[in-house]
There are 2 protein chains.
Amino acid sequence: MHLTQGLHRAVQQNPDLPATIDGDRVRCWVESADRVARLAAGLRAHGVRPGDRVALLALNGDLYHEVLLAVPWADAVLVPVNTRWSVPEIAFSLRDCDAAVLVVDDAFAAIVPALREQTPDLRVVLHSGEPAQRPDGAVDVEGVIAGHQPVEDARRGGDALAGIFYTGGTTGHPKGVMLSHDNVMSNILGAAAAGVMWDPGSRLLHVAPMFHLAALTGWAIGVTVGGTHVFLPGFTPGGVAAAIERHHVEGMLLVPTMIQMLVDSPDAAGADLSSLRRLLYGASPISDAVLARAAERLPGVGFTQAYGMSELSPIATLLSPTDHLDPVRRRSGGRAAPHCEVRIVDEQDRELPRGGVGQIVARGDNVMLGYWNRPEETAEALRGGWMHTGDGGYMDDHGYVYVVDRIKDMIVTGGENVYSVEVENALATHPAVASCAVIGVPDAGWGERVHAVVVLAGDVPAPDAEELREHVKNRIAGYKAPRTVEFVDALPLSGAGKVLKRELRKEHWSGAARGVS
Amino acid sequence: MHLTQGLHRAVQQNPDLPATIDGDRVRCWVESADRVARLAAGLRAHGVRPGDRVALLALNGDLYHEVLLAVPWADAVLVPVNTRWSVPEIAFSLRDCDAAVLVVDDAFAAIVPALREQTPDLRVVLHSGEPAQRPDGAVDVEGVIAGHQPVEDARRGGDALAGIFYTGGTTGHPKGVMLSHDNVMSNILGAAAAGVMWDPGSRLLHVAPMFHLAALTGWAIGVTVGGTHVFLPGFTPGGVAAAIERHHVEGMLLVPTMIQMLVDSPDAAGADLSSLRRLLYGASPISDAVLARAAERLPGVGFTQAYGMSELSPIATLLSPTDHLDPVRRRSGGRAAPHCEVRIVDEQDRELPRGGVGQIVARGDNVMLGYWNRPEETAEALRGGWMHTGDGGYMDDHGYVYVVDRIKDMIVTGGENVYSVEVENALATHPAVASCAVIGVPDAGWGERVHAVVVLAGDVPAPDAEELREHVKNRIAGYKAPRTVEFVDALPLSGAGKVLKRELRKEHWSGAARGVS
């Protein structure tokens, strides 16, 4: 299998159908494929050899679509770059994988000089956008496309390296996750086979940043089963609502925070969202309160949650629209997708009985080739043939996987284990809590103590810490209730919409906390 | 990927759900998996080594289900045997692949002595059924299952040989098509990803003979995406209707002839078929008349046609329920499935422009490893990396593939090429024609002449040959109209429900034709 096979199929089956819609610019599949084949020719002409890494640093747009297809077409390896990273972080990843080419759009043209300085081996920078914005020495993408005749697709595939995806780096330096064509394609076909992803032929809106593998996979499933791709460079509730209405969007992938903003924002309130049929989300379960409001605002929509990680290409489990009707099951990450096996194991990698909390591990053709240039970490992560996710969880009698915490995020307080997600879920049921995160902080008496960081909803009377503690104690064991509560305006989020607990801990420990009570 | 992964997933997700229903016998997934693991242990105990071929000669039933899973579980290779074949044909295939074990049910117990005589290297015969029927020296399957502790799944997969499927043998000796686990699984996931196969969790009825790869794939997709499997040992319209009503069947695979019988037979007229949601069919397009009657009898059903062959594991193209609403497109075999590329090529393997008639070729992970012990025929079939189907066809501007004929079935009459399917489609629109086949027969004046073999519907006045000729001439070019017409009671059909044109030609040439006019 190879990443470009969906493009060939689309050209054969829907040559005149819109492939990409980016603002007012619409390109059909024949035109899109022609540009891909010319861009691939241009990459080769600029010295890209088979297996060379081509990095892409851009906001969502038709450029992203074309580069994602042109790079494998040219027999090169994709490196989508995290757009939220600082220059040193980006430069680290480009040096780490020895990128030959960097493609940027206007949003990132300004940092190219600084990046080049820290990435001396970068050979070529391609720029798409206004000539006035073009970095010194960068080559115009449109000129490359216009200036080269289409080449044949290299049709690299199977076990060959398709892309390197740098993980969020919640621990130390980011690691490059190597995924083969078969890794990515088995994930795409397996997830699609579950019957809860896009309906073939759908109009899809891509607004979550596509450098993240979840969003990229949403796009890739659409290319594989067929559809039209609408791109937005960034998320605003009003912008998303307007795009749905204008383009009759039927499917999109968001993170729960975005869903919450879309259904709650007055900017999105007037728009006709009735075309929407499917909403995929990942990164974390959705709170019952948000789900209820979303179901009211989007009555015809089936919600699907995907759980996984880059190392799993990235989907391990899926929570179907039907599963969302069950108040218990919708707190889980769903069940193993058809392409992937999932287990819960103890510290000796023995499978635990149902209900036992341990590490979530996964096996299947979607498991990464390994970490780029990190054989020891690869061997450790893939020991025994299973990908060790580092997530703690348990499985119920029907295979639903409940992610309780990162193994290392578990709080040990007074000798008891507390999983922060459980506390967060209890806190989130309070009507005044808009969002929250629970962490362990050093405590002389308890070793660690349970500490909550809370964003309050603006439209209800603000509770104090004691009221929230009581609220939690009425729902779960008393020792799990937060001993301290901190009120903040917003939680720090990763590019994928995950709460950056590392940031919370750092901030708290540096004494910068506001309003701890 | 490996064939048993769906079984592991089902045990994890639906342990207590019915896995198999065979008459009054219901087994849940835990029990089914336990029997599979014990049967696999028994196979090993009877000397089955990794890669050994285990043949299965049985009617549809829960035995079929368990053997299909136990053989890969034991690291052996499946050989499903054509139940319609004669003893010499079966013995040929068992000798050809050097089968170590043969599993039979009561329906085939009686021919075991004759088979053993012609298959001296067969080591073990397992028999499932009445002790009184057991062939001499055969081992009781239930005893094997009861007498062995479950073994671990060998989890053979990937490129390893999963099964050998003997093709119908429309030309010469049957050939053993070697399919790997990845071949079969890429086909399953790809077809399921198209969104037109079974809905996950469906109750499926298996009545088309499962030795045929189309029916076996229908079962395997169900195992992979999840569902309950109801088995019927043979097709009768009344039996199928009763099973649908009794078990609330939601999906099944039939050949068009079976669909026609189901909707037309008085035996099926009273049954409640309202649970049915999806009907897959293959082997040939469905006539408009039958489709109209089927849509009336089964108003809630989506029809999907699959086109392919054993060498493609077997699906190349799919015609979706929506496609069936289009009177032109529903005459096609549909469009390339997500896992497979399809082209039309000329005799030098160059792709033809859209509309040009040539050979249908396909490429993808679903293409067979090759023919067992036939390297030359393998190389010929797979030349240039594409599977050459031997079918003639053309592709329209939206990728729909119209199968016009086997390349070798094309009729050359007076220097003109005539594709029999086109003539058959024209004939079938006559209200008195129940079914028909068109062949070329030797003709002194024309080289070949177009000859039609017709089964008349009983309930309308019978036309004569001249009326049918005029009917065809009003629809397609005059030279394509049959010069001779033969009326018969029934057409000879293969196990897959395809008309055996070879038989028709032989019968005609031997002077056995009745009523030629």
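Cut-offs and rules
Residues numbered from 1 in each chain as written. Chains lettered and ligands numbered in written order. Predicted model: local features only at pLDDT ≥ 70, side-chain atom pairs only at ≥ 80, totals over all residues. Contact = placed C-beta atoms within 7 Å. Helix = DSSP H or I, 4+ residues; strand = E, 2+ residues; numbered from the N terminus. Nonpolar A, V, L, I, M, F, W, Y, C, P; charged D, E, K, R; others polar. Pairing = 2+ DSSP bridges. Least-squares fit on C-alpha atoms with pLDDT ≥ 70 in both. pLDDT = per-residue confidence, 0-100. Buried ≥ 20, exposed ≤ 12 C-beta atoms within 10 Å, placed from the backbone. Axes fitted to C-alpha atoms, helices over the stretch in contact; angles between N-to-C directions. Parallel < 35°, antiparallel > 145°, perpendicular 65-115°, else oblique. Left-handed = near helix turned anticlockwise from the far one by under 90°.

### Some points on the interface of chain A and chain B
Interfaces are often sized by the accessible area lost when the parts come together. Listed as interface residues are 26 residues of chain A and, on the opposing side, 26 residues of chain B. Sorting the residues of the side of chain A that touches chain B by element identifies α1 (5-13), α8 (181-193), α9 (213-225) and β16 (335-336) of chain A as the ones contributing at least two each. Looking at the side of chain A that touches chain B, its residues break down into 9 nonpolar, 12 polar and 5 charged.

### What to know about the sheet that holds strand β1 (residues 18-22) of chain A
The strands making up a sheet associate through backbone hydrogen bonding, with each pair oriented either parallel or antiparallel. All names here are of chain A. The 9 strands are arranged β2-β1-β11-β10-β12-β13-β14-β15-β16 in an open sheet whose pairing can be described as mixed. The sheet is open, and its two borders are formed by β2 (25-28) and β16, each paired with just one other strand. Two strands pair when backbone bridges link them, and strand β13 (residues 278-281) and strand β14 (residues 302-308) are joined in this way by 4 bridges, in the parallel orientation. By the bridge assignment, Leu280 is partnered in β14 with Thr304.

### Let's talk about the relation of the copies chain A and chain B
Mapping between the two chain copies consists of a rotation about an axis together with a translation along that axis. Here chain A sits on chain B after a turn of 180° about the axis and a move of 0.0 Å along it, with an RMSD of 0.1 Å. In the structure described here, the two chain copies are related by an operation that fits a two-fold rotation axis. Across chain A, the smallest distance between a C-alpha and the rotation axis is recorded for Ala193 of chain A, namely 2.0 Å. Both copies share a contact surface, since 100% of the interface residues of chain A are interface residues in chain B too.

### Side note on the confidence of the model for chain A
A residue-level look at chain A finds 95% of positions with pLDDT of 70 or above and a mean pLDDT of 92. Reported confidence for the predicted complex is 0.84 by ipTM and 0.85 by pTM.

### Considerations on unusual backbone geometry
Residue and element names in this part refer to chain A. In this chain, Ser313 is followed by Pro314 through a cis amide linkage whose omega measures -5°. Following the sequence through the fold, Pro314 ends up in the loop between β14 and β15 (315-319). Of note, His248 is a non-glycine position whose phi angle comes to about 50°, a positive value. Here His248 shows up in the loop between α10 (237-247) and β12 (251-254). On the basis of neighbour counts, which here come to 14 C-beta atoms within 10 Å, the residue His248 falls in the partly exposed class. Positive phi, close to 60°, is recorded for Asn373, a residue that is not glycine. Along the polypeptide, Asn373 turns up in the loop between β19 (370-371) and α13 (375-381).

### A word on the pairing of strand β18 (residues 358-364) of chain A
Consecutive side chains along a regular strand alternate between the two faces of the sheet. Residues and elements named next belong to chain A. Where burial is concerned, most of β18 is hidden: 6 out of the 7 residues are buried. One ladder, built from 6 bridges, connects strand β17 (residues 340-345) with β18; its direction is antiparallel. Its bridge partner being in β18, Glu341 is matched across the sheet by Arg363. Across 4 bridges, the pairing between β18 and strand β20 (residues 387-395) is antiparallel. Looking at β20, one finds that Gly358 is bridged to Gly393.

### Thoughts on the packing of α1 of chain A against helix α2 (residues 29-45) of chain A
Residue and element names in this part refer to chain A. The contact between α1 and α2 brings their axes to 9 Å, and the two run at 140°. Considered as vectors, α1 and α2 are oriented oblique to each other. The way α1 lies across α2 gives a crossing that is left-handed. For the pair α1 and α2, the contacting residues are Leu7, Ala10 and Val11 in the first and Trp29, Val30, Ala33 and Val36 in the second. Across the contact of α1 with α2, the residue classes break down as 7 nonpolar, no polar and no charged.

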